[in-house]
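Listed here are the chains, written in short residue letters.
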Amino acid sequence: MSVVLGTAGHIDHGKTSLVRALTGMDCDRLEEEKRRGITIELGFAWLDLPDGGRLGIVDVPGHERFVRNMVAGSAGVDCVMLVVAADEGVMPQTREHLEICTLLGIRSGLVALTKTDMADADWLAMVREDLARFLEGSFLEDAPVFPVSAQTGEGVDALRAHLIRLAAELPDRRRSDIFRLPADRVFSMKGYGTVVTGTVVSGLCRAGDALCVMPAGLPARARTLQHHGTSVQEVRPGQRCAVNVQGLEVAQVERGQVLAHPGTLLPSDRWLVNLACLSSAPRPLRQRTEIHFHHGTRECLARVVFPDRDKLAPGEEALAELRFREPLVGIFGDHCVLRAYSPLRTVAGGSLVSPLPPQLRRKDPQRERKLEVLRGLTALRDAADAPGDGKAGNKNRDQARAALLEAVLEVQAGHGADEAHLRVLTGLARPALESGLHLLSTCGAALCWDKENRAWIGKKAFEQLAAACLDRARELHRRSPLASAFSRGALCTGWSNSLPQRLAQKILDHLLKSGELAAEGDGLRVSSHRVSLAADQTAVRQKLLDVHAAAGLAPPNIGDVLAELHISPREAAPVLRLLVRERLLVCVREGMYYHGPALEDILERVRLWFQSHDNLDVASLKDILGLSRKYLIALLEYMDNEHITVRVGDQRRYRGR
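Note that this is a predicted model, so its numbers are computed, not measured. (Residues numbered from 1 in each chain as written. Predicted model: local features only at pLDDT ≥ 70, side-chain atom pairs only at ≥ 80, totals over all residues. Heavy atoms only, no water.)

1. Observations regarding the packing of helix H1 (residues 15–23) against helix H6 (residues 156–169)
And step 1. Two elements in contact, H1 and H6, have axes whose closest approach is 10 Å; the angle formed by their N-to-C orientations is 80°. Taken as axis vectors, H1 and H6 run roughly perpendicular relative to one another. Within the contact between the two elements, H1 uses Leu18, Ala21 and Leu22 and H6 uses Val156, Leu159, Arg160 and Leu163.
And step 2. Per-class residue counts for the contact of H1 with H6 are six nonpolar, no polar and one charged. (Axes fitted to C-alpha atoms, helices over the stretch in contact; angles between N-to-C directions. Helix = DSSP H or I, 4+ residues; strand = E, 2+ residues; numbered from the N terminus. Parallel < 35°, antiparallel > 145°, perpendicular 65-115°, else oblique. Contact = heavy atoms within 4.5 Å. Nonpolar A, V, L, I, M, F, W, Y, C, P; charged D, E, K, R; others polar.)

2. Observations regarding empty space enclosed by the protein
And step 1. In this structure the tally under the stated criterion is two cavities of 30 Å³ or more.
And step 2. Elements supplying a minimum of two residues to the lining of the largest cavity: strand E24 (346–354), helix H7 (367–385) and helix H8 (390–412).
And step 3. If one sorts the elements of the lining of the largest cavity by residue count, H8 sits on top with three residues.
And step 4. Grouping the amino acids of the lining of the largest cavity by side-chain chemistry returns six nonpolar, two polar and no charged. (1 Å grid on protein atoms, 1.4 Å probe; cavity = no way out; pocket = protein on both sides within 12 Å on 5 of 7 lines; lining within 4 Å. Points joined across faces, edges and corners; volume = space filled by probe spheres on them.)

3. Quick notes on unusual backbone geometry
And step 1. Along the chain, methionine 214 connects to proline 215 via a cis peptide bond; the corresponding omega equals 10°.
And step 2. For proline 215, the location among the structural elements is in the loop between strand E11 (210–214) and strand E12 (218–227).
And step 3. You will see that arginine 454, though not glycine, has its phi angle at about 55°, which is positive.
And step 4. One can find arginine 454 in the loop between strand E26 (446–450) and strand E27 (455–458).
And step 5. Located in the positive-phi region is histidine 643, a residue other than glycine, with phi close to 60°.

4. Quick word on the pairing of strand E8 (residues 185–189)
And step 1. Two strands pair when backbone bridges link them, and E8 and strand E9 (residues 193–199) are joined in this way by five bridges, in the antiparallel orientation. Looking at the pairing, serine 188 lines up with threonine 194 of E9.
And step 2. Hairpin geometry of E8 and E9 is characterised by an intervening segment of three residues between the two adjacent antiparallel strands and by a positive phi of about 90° at glycine 191. (Pairing = 2+ DSSP bridges.)

See below:
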């Protein structure tokens with residue numbers, strides 16, 4: 001495992017000099033830095049480790065004007081070396097840098113008490129006492145303090161030895177296996193082209209891999225890779241890396257953008273974060289406040305929107321939606337820092353709860369439930385990260401991963417999520433994701449509705465969509481009570497307009513299999529639906545049947561029938577449709593309905609005719625039925641349309657029924 005150490009501390013407390021004493025490398029590479037004697041940009045160095053690996057060191061600026069660079073340098077840092085000068089003690093940027101490290105989730109480190117050659121024993125004792133009070137309650141409260149002097153070399157060897165031990169002992173806190181390299185430098189190198197440097201925060205990349213620059217999505221390729229000046233075939237989490245990218249100009253990439261594999265990161269202009277306002281903040285964070293937002297190496301303006309309050313007081317913690325002017329990419333669990341717009345200082349920070357948050361509209365009946373689930377995601381993540389201790393421990397961890405996935409799917413509701421979304425919404429590596437989904441599938445808590453794209457949906461959301469489908473089906477029955485079934489298109493219109501086609505089909509298949517829907521011909525119906533006529537419709541039905549039965553082989557025009565019975569076409573239409581479906585009446589031409597038994601008699605006579613004849617024409621049919629031409633032509637065309645006969649010139653030939 002590779003480890004990255006970041007420096008922190010006030011300006012002129014000797015961070016760069018100490019790194020030079022530890023590694024022999026000068027991190028101040030800019031002419032302005034050397035001339036002014038202060039660090040402006042990020043510097044990089046490393047220590048060789050006994051196992052052949054390297055401890056990367058990121059040297060950050062200490063001046064308050066360059067805190068943005070300090071935050072960018074802390075992206076991907078595993079532990080921190082807080083540098084405090086013995087001749088000055090704790091200063092403003094000492095405090096702010098420690099707060100930033102805390103907000104970024106760094107939990108390991110040490111303290112270097114520099115410039116000990118410039119303080120006597122009494123002063124040194126007083127500074128150490130003050131330092132202990134300052135660190136009380138922080139993640140460095142019990143961290144070792146190393147008195148050192150970069151000028152004399154005192155304590156440097158002991159500090160270096162401790163750093164090497166620390167690198168070997170630090171646990172791996174990287175969960176996701178999505179490759180991400182937040183760019184902290186971009187430049188052009190003669191003979192190579194565009195080079196992007198940064199710390200790999202997750203996943204791995206191999207030389208030749210297809211890449212993209214996010215959130216813009218610009219395609220590129222990793223031509224060659226370097227780790228601390230050495231060409232390598234792959235880079236892993238925690239390693240400082242330089243990528244020679246093919247297909248991009250320097251102007252197309254800037255600090256804050258992220259190199260990733262295509263299709264793995266999903267841009268969004270809204271994030272939901274678990275936000276903590278620092279106790280040292282001068283005032284509360286108010287609703288819709290504009291702030292400077294830092295994530296990885298990216299800095300941008302954002303607006304804070306609280307879904308359940310108007311402000312966040314110092315020392316308080318709550319969910320907050322951050323709205324950006326342009327999209328960002330992140331993964332569940334990422335850390336961020338918020339700095340006040342004016343005066344510029346760190347006021348809050350937190351962890352990313354959802355990089356693709358649901359809408360939390362106040363009128364949404366599920367709003368409180370969504371908020372409750374979202375608040376619990378961090379605890380579920382911590383349980384999913386817990387190391388397994390034996391079979392029982394591994395089982396508990398797997399169940400925690402499944403619970404995290406189930407909660408995320410519940411928040412996603414309607415469409416569920418495919419594998420790409422689930423990887424960024426849970427931060428789980430692909431093997432952990434697959435085992436969790438398998439567990440959910442086995443217990444019926446989730447199902448895969450698209451095997452090709454690995455799209456999943458929670459059981460509750462699926463059942464809600466199925467219930468909505470049945471409601472739509474019942475509504476169609478209410479609108480047309482005399483229709484025995486309806487088309488699939490009619491069912492899906494107004495119910496599945498926003499659903500992917502495969503998900504809609506999965507729901508229909510489920511309802512058909514469960515028997516809640518039934519197929520009828522090419523249509524569908526609710527299984528319990530039965531056509532029933534109202535009292536007045538029953539009377540209309542009987543009258544229409546009686547008239548057509550009495551008419552025999554020469555039915556009347558339906559308009560004349562309705563006028564004689566004093567029935568409006570609107571009243572008669574649903575009854576006629578029902579009679580036609582039941583084959584009690586047959587429409588052979590618009591406005592002409594035959595009584596079913598009468599038409600069967602005609603068709604039987606035609607069948608018998610063809611037993612001794614090859615052809616049938618109008619004259620022959622008149623001999624058989626004794627009807628006028630208007631009925632004969634209608635009957636011949638009906639038999640052609642029903643494929644009982646086929647027309648050849650003026651003759652018909654029998655095709656069978």
